[in-house]
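Structural overview
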Amino acid sequence: MSLTEKREHRQHAEDKHEASRSSFERDYSRLIHSPTFRRLQGKSQVFGAGTGDYYRTRLTHSLEVAQIARQAAKNLVFQYPEITLSRADSPGLVLDPEVVECASIAHDFGHPPFGHKGEEVLADILEKLIEERTRKELRGKKENADKKREKHNEMRYRYEHFEGNAHNFRLMMFLEKRENLDGLNLSDAVLLGINKYPFSGLENKKGMYRNEWNYISGIRKEWQIPERKTTLEAQLMDLCDDIAYSAHDLEDGIKAGKIEVHEHFMHDEGTHRLILEKIQTLEDRVWQGVDREAISMKVSAVLDDYLQAWNSKWPVCDRDFSRTRREVKAYWVNHFVSNLGVIDDGNWKKITFVKDGAENDDMLRTVSVLKSFAWVTMIRDLRVQRLQKRSEWIIRRLWDAFVDPKTATSIIPSDWIHRFERDQKQETPVWTWERMVIDYIAGMTDMFAEKIYNELYGLKVGSIYDID
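Here's a quick rundown of the structure. In this text the structure is predicted, and so the values were computed from the model without any measurement.

Procedures and definitions
Residues numbered from 1 in each chain as written. Predicted model: local features only at pLDDT ≥ 70, side-chain atom pairs only at ≥ 80, totals over all residues. Heavy atoms only, no water. Core = buried A, V, L, I, M, F, W, Y, C linked by side-chain atoms within 4.5 Å. Buried < 20%, exposed > 50% of the residue type's maximum accessible area, 1.4 Å probe, protein only. Helix = DSSP H or I, 4+ residues; strand = E, 2+ residues; numbered from the N terminus. Contact = heavy atoms within 4.5 Å. Polar contact = N/O pair within 3.5 Å; in protein donor to acceptor, adjacent residues only side chain to side chain.

Comments concerning the nonpolar core
Core analysis: the largest hydrophobic core is formed by 128 residues, its most contacted members being Leu 31, Met 172, Leu 236, Phe 402 and Ile 412. Sorting elements by how many residues they give to this core places helix H11 (residues 232-255) first, with 11 residues. Sequence-distant contacts of Met 172, defined by excluding residues within four places in its chain, comprise Leu 31, Ala 106, Phe 109, Gly 183, Leu 184, Asn 185, Leu 186, Leu 191 and Ile 194.

Digging into the environment of Arg 149
With respect to the helices and strands, the residue Arg 149 is situated in helix H7 (residues 145-159). Owing to a relative accessible area of 48%, Arg 149 belongs among the partly exposed residues under this scheme. Spatially, the C-alpha atom of Arg 149 lies 9.2 Å from that of Thr 134, the residues being 15 residues apart in sequence. For Arg 149, the side chain forms a polar contact with the side chain of Asp 146, separated by 2.9 Å.

Concerning unusual backbone geometry
A positive phi angle is found at Phe 114, which is not glycine, with a value near 70°. Relative to the elements of secondary structure, Phe 114 occurs in the loop between helix H5 (97-106) and helix H6 (115-138). Classification of Phe 114 as buried rests on a relative accessible area of 7%. Positive phi values are uncommon outside glycine, yet Arg 319 reaches one of about 55°. Here Arg 319 lies in the loop between helix H14 (292-316) and helix H15 (321-337).

So yeah, pure geometry; function would need other evidence.
Below, the structure written as structure tokens:
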């Protein structure tokens, strides 16, 4: 099988072939026409979806990442011809701008309502379910530590976990519908381009769910991708997501008045300390072995650079606050993208920031500081924290309403019940009832979750003829 055939291969053979469109063009169409893509407009990026007509949602963020990634891919292919289809040694060492764009469009499909807070709450719900079911199974039995661990692992295998990136694949490969197939039946290149955590969720909580990992792990083996390595397209998508986050979320923060670009704010000791503390919680290779004083110096240097970029753009933009904000955002995106390159990574290759032919860890740390700056100035904001508290309450109460199948069957949409019943007839079902409920809640937009919560618990309800 040629590199092209491997990359364009799909899980399910298709009878129809559209000569007018390439394989990856069809993938792009399936992604942007999917209900999951449309729902991103109702899911939070930083501020709650619907809080203003300026701020980014998951939809606009995904489109911006896709644009940055496609252009970056074009630049890299021009600079490094060895990563083109005609010269690459492996299907995973090809960089195709169309595939990167598709991967970027879909990279946040799996985010639940209310952003990272929603992800955290759903993960905690399943963790507590596993603990509860383990205790129930062991009640009245005298078991040693090994037996208890074995039972706990059995429950984890049964109920798995929740993670946004893993849920991407649950949506694309199972929940979405296409003719008589479950999932969008995307090409292998696009699927692996989205897969930035290439391992099982039983091995690592950031990993994939069993059903989808069974297929993805087989393709990785077929492509001979080394363990823990990802395709060049997945690497670029992930980097461009970080670039967008570090530049765009700061722009939203400045627009909202949460970030003030002047010396007093940028040199504020409290903000500096929060950024430092955030960085020290990160499990990021580029900070390993870097002591607190060195991190502090890097934080100061990056904030000074940001202020300097602002001050240099301010007069050029005729001291127009809005123009300056946008130009500074564009400056940082261009700065990062122009420093991307390809280096050898053992028996694989790596897309990263490159200086003098080696990985530029200092620039990776710059991105990390800007992301942490956005996090501490906005996520810790009073009103954002209140929204997150309310979000947690909503998700937990929805879980309480749906977790008992005896009482919930009549309040969950019939198509979900039909899918569940059909799945249970399979030789190896994908779902337990509890996993189906998690997937149902995870697919909601912020507004839809609030609507269902109000219908179940609140005083304010819409018409009974509203369509779920």
